[in-house]
Amino acid sequence: MKKISKTDLSRIFKRELKFLSDGILNISNPYHFFYLSTLKNKNVTSRTIVLRHVKQNPLSIYFNADYRSPKIKQLESNSKCSALFYDNKRKMQLRSDCEAIINHKNNISKTIWEETPLQSRKCYMGEYAPSQNLREWHPNIPLEYLKKDPEKSDSESGYDNFTVVKLNINHLDVLELHHDGHIRFSVDSSGKLSFIAP
């Protein structure tokens, strides 16, 4: 039987942090996307999110969103949420319990907005709130910019809807699948590693 030590857990954790950081810009990395689950009243609702930034010590991840979207309203009502990453090729799962911090019209959102390409800015210039019911299909970006980037001056209207969400990871569950015995452990907010039964 193989033996797994705390040193092995530390090595796996550090490796996965590198994969997370690589996933920010590397679209071929499965960690570029993750699943975010929030509470809508008493029901759980999930969606796919693009990873935008990772910070360590303490561990936190970031994503951008339209302030008018339901997920932002849900996180304002209840900041507790869950983020799930999965790499099918490497058979790795990261499942985290998080606390959300909404950055809207503050120094953090302004700094990130200034770095946001025009092509992405137009996603926040939509006339309709995300998930709003429509009578007929609409791309929800200004029609004059369907096939081109907006002028920078025009794009500034999107800042009103732009939000940066920081997810502080309070508890991380790491699972590495193996035919001869899965490896599973937790990482708490202080960085303590603990074995968990797979």
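Coordinates for the structure precede this section.
Scope of this entry: the structure provided in the associated data block. This is a predicted model, so every value here is computed, not measured.

### Let's talk about the layout of surface pockets
Now for step 1: Space inside the largest pocket adds up to approximately 870 Å³.
Now for step 2: As for the largest pocket, its lining consists of 31 residues, of which Val50, Arg52, Asn64, Ala65 and Tyr124 are closest to the centre.
Now for step 3: Elements with a contribution of two residues or more to the lining of the largest pocket: β2 (43-50), β3 (53-55), β4 (60-66), α2 (70-77) and α3 (107-115).
Now for step 4: If one sorts the elements of the lining of the largest pocket by residue count, β2 sits on top with 5 residues.
Now for step 5: Taken together, the residues of the lining of the largest pocket sort by class into 14 nonpolar, 10 polar and 7 charged.
Now for step 6: By volume, the second largest pocket is sized at about 210 Å³.
Now for step 7: Along its surface, the second largest pocket is lined by 13 residues, and Phe13, Asn57, Pro58, Leu59 and Gly191 are the ones closest to its centre.
Now for step 8: Put simply, the parts of the chain that give the lining of the second largest pocket at least two residues each are α1 (6-23), β7 (162-176) and β8 (183-188).
Now for step 9: Taken together, the residues of the lining of the second largest pocket sort by class into 7 nonpolar, 5 polar and 1 charged.

### So, unusual backbone geometry
Most peptide bonds are trans, and most residues other than glycine sit at a negative phi.
Now for step 1: At the junction of Asn57 and Pro58, the peptide bond is cis and its omega measures out at 0° in the coordinates.
Now for step 2: For Pro58, the location among the structural elements is in the loop between β3 and β4.
Now for step 3: We note that Ser131 has phi near 80°; this positive angle belongs to a residue other than glycine.
Now for step 4: Examined against the element boundaries, Ser131 turns out to sit in the loop between α4 (118-121) and α5 (152-155).
Now for step 5: Even without a glycine there, the phi angle at Asn140 is positive, about 60°.
Now for step 6: Along the chain, Asn140 turns up in the loop between α4 and α5.

### Some points on the pattern of salt bridges
Now for step 1: In total, this model carries 13 salt bridges according to the counting rule given.
Now for step 2: The salt bridge partner of Arg15 is Glu176, with a shortest N-O separation of 2.5 Å. Highlighted residues: Arg15 in helix α1 and Glu176 in strand β7, separated in sequence by 161 residues.
Now for step 3: The residue Arg68 makes a salt bridge to Asp66 at a minimum N-O spacing of 2.8 Å.
Now for step 4: When salt bridges with common partners are traced through the structure, they connect Arg15, Glu16, Asp87, Arg90 and Glu176 into a single cluster.

### Thoughts on α2
Now for step 1: Buried residues of α2: Lys71, Ile72, Gln74 and Leu75, and no others. Along the axis of α2, the buried positions cluster into a sector of 160°, meaning they face one direction only.
Now for step 2: On its buried side, α2 packs onto β1 (33-40), β2, β4, β5 (80-87), β6 (92-104) and β7.

Rules used in this analysis
- Residues numbered from 1 in each chain as written.
- Predicted model: local features only at pLDDT ≥ 70, side-chain atom pairs only at ≥ 80, totals over all residues.
- Heavy atoms only, no water.
- 1 Å grid on protein atoms, 1.4 Å probe; cavity = no way out; pocket = protein on both sides within 12 Å on 5 of 7 lines; lining within 4 Å.
- Points joined across faces, edges and corners; volume = space filled by probe spheres on them.
- Helix = DSSP H or I, 4+ residues; strand = E, 2+ residues; numbered from the N terminus.
- Nonpolar A, V, L, I, M, F, W, Y, C, P; charged D, E, K, R; others polar.
- Salt bridge = Lys/Arg side-chain N within 4 Å of Asp/Glu carboxyl O.
- Buried < 20%, exposed > 50% of the residue type's maximum accessible area, 1.4 Å probe, protein only.
- Arc of directions from axis to C-beta.
- Contact = heavy atoms within 4.5 Å.

Geometric descriptors of this kind do not, in isolation, establish any biological role.
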